[in-house]
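# A look at the structure
Chain residues, written in single-letter form:
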Amino acid sequence: MTGVRTVTVLGSTGSIGVSTLDLFDKSAAEVEILALTAGRNVALLAEQALRWRPKLAVIADEDRLEELRQRLTGSGVAVAGGAAAVVEAAAMGADWVMSAIVGAAGLAPTLAAARTGSVIALANKESIVCAGPALLEIARAAGGKVIPVDSEHSAIFQVLAPDCAHRVARLILTASGGPFRTWTRAQMAAATPEQAVAHPNWSMGAKISVDSATMMNKGLEMVEASYLFGTPSSRIDVLIHPQSVIHSMVEYEDGSTLAQLGPPDMRSPIACAFAWPDRLPWPAPRLDLAAMGQLTFEAPDVERFPAIAIARAALDAGGRAPAAMNAANEVAVAAFLDRKIGFLDIAPLVSDTLSRMNGLGDLQAGVGDSALEGAMMVDASARRIAADALSRRPVFH
Ligand code: NAD
Ligand code: MG
């Protein structure tokens with residue numbers, strides 16, 4: 001890691017975006033920010049822009065562009081609004097791009113950044129779920145790379161020795177189990193959005209928090225791991241580890257298992273993605289294993305958490321099935337957060353959407369189109385079908 005690096009943060013006002021800028025503040029990282037982008041939080045975006053003085057600040061919600069302009073008048077920071085402007089910001093060719101938009105909305109900007117050969121620090125797991133192989137190939141062809149930020153994939157990335165990648169027996173993705181790990185199905189049926197977003201270990205955005213509660217987060221991560229590390233689903237296991245200290249493991253064919261440990265703080269995997277293969281010194285919280293006493297493990301309950309099996313099936317089906325699953329899940333999570341469906345309706349809405357798309361041949365949509373167009377066609381079709389199911393059964397339970 002030498003000299004000043006140019007950086008763009010996509011989704012700078014979210015949980016990962018804020019942690020990224022905080023890490024820059026607290027560490028010796030030398031950065032010049034090219035662009036910051038946000039969805040709707042214009043107040044925080046303007047505050048960040050005044051602090052970091054990027055060349056460009058972009059708000060995806062065009063209705064808020066005027067407010068952003070007013071807040072940044074005289075600052076020397078250029079402003080822009082709309083989804084296309086977010087893509088343009090991503091394509092400015094920064095040395096390092098943090099991809100931390102939530103949902104499939106992150107796909108077009110992430111692909112645009114990959115095309116310029118930037119190093120992509122990938123938090124936005126939905127983009128790799130929607131178009132993983134294409135994203136990795138585009139980054140490789142442009143001379144860039146994708147470094148995972150998701151803590152499990154960062155862990156595997158750190159302990160997976162390239163020389164013996166062909167000797168991997170299993171990837172073991174650890175999962176906290178979320179806020180409902182010990183709840184009965186009857187309790188889960190009555191779970192509120194407030195309870196679902198109250199994660200025991202991690203502080204995160206609302207969507208990923210609900211995904212952690214349903215364990216669809218682990219399902220998305222299984223797809224992410226399969227694409228990132230070229231591992232079939234049969235060699236990826238999920239292990240519940242409520243303390244979230246072991247972030248994931250790689251088991252080799254000689255019986256040796258390597259794990260990466262750390263406190264549940266996303267700034268550590270972000271630091272890893274920034275400095276790799278070097279290490280970024282910063283006053284990180286440290287593990288105190290003696291004080292902790294014990295680390296525990298259990299098998300996931302596939303009855304209460306069907307999302308893991310849904311994701312495994314989508315990964316095995318291949319093609320655009322993971323993109324369809326992701327879109328249906330985004331619709332279902334938004335409906336749950338809007339109190340339109342119950343917590344236990346989320347997984348069935350996703351699996352019903354996938355079955356209906358399969359029946360209609362819709363999973364073939366976009367085959368032959370570019371990765372972005374194909375994924376977006378399937379994404380739109382899955383959103384339509386899931387929304388249609390919602391409108392016909394406004395109250396599921
Ligand atoms: P968040 O909701 O806190 O932040 C999302 C960011 O994206 C915000 O800046 C928001 O303004 C922006 N955004 C939302 N919709 C947008 C749109 N349509 N166009 C442009 N920008 C938009 O989410 P988060 O928790 O920071 O998660 C971001 C991504 O990182 C997700 O894909 C999540 O799965 C992944 N991730 C997060 C964590 C975590 O600890 N928070 C851990 C691992 C992976
Ligand atoms: Mg994770």
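Everything that follows concerns the structure shown earlier in this document.
Below you will find a few notes about this structure.

The rules we used
Residues numbered from 1 in each chain as written. Chains lettered and ligands numbered in written order. Predicted model: local features only at pLDDT ≥ 70, side-chain atom pairs only at ≥ 80, totals over all residues. Heavy atoms only, no water. Salt bridge = Lys/Arg side-chain N within 4 Å of Asp/Glu carboxyl O. Helix = DSSP H or I, 4+ residues; strand = E, 2+ residues; numbered from the N terminus. Buried < 20%, exposed > 50% of the residue type's maximum accessible area, 1.4 Å probe, protein only. Arc of directions from axis to C-beta. Contact = heavy atoms within 4.5 Å. Core = buried A, V, L, I, M, F, W, Y, C linked by side-chain atoms within 4.5 Å.

Our next topic: the pattern of salt bridges. The full count for this structure, using the stated rule, is 27 salt bridges. In this structure, R140 engages E137 in a salt bridge whose closest nitrogen and oxygen atoms are separated by 2.8 Å. One end of the pair is R140 and the other is E137, both in helix α6 (residues 125-141) and three residues apart, which spans about a single turn. Since its relative accessible area comes to 54%, R140 is described here as exposed. Using a relative accessible area of 40% as the deciding quantity, one classes E137 as partly exposed. Within this structure, K125, D150, E152, K218 and E221 form a network of salt bridges that share partners.

The next subject is helix α4 (residues 83-90). Among all positions of α4, only A85, V86, A89 and A90 are buried. One face of α4 carries all of its buried residues, which in axial projection span an arc of 145°. Exposed positions of α4 whose direction lies more than 90 degrees from the buried face are A84 and E88. The secondary structure elements touched by the buried residues of α4 are β1 (5-10), β2 (31-38), β3 (56-59), β4 (78-81) and α5 (107-115).

Turning our eyes to something else, we now look at the nonpolar core. Counting residues in each nonpolar core, the largest one holds 90 residues, and the members touching the most others are M325 and F343. Counting residues per element, this core draws most heavily on helix α15 (residues 321-337), at eleven residues. In this structure M325 touches M216, L220, V223, I310, A311, A314, V350 and L354, once residues within four positions along its chain are discounted.

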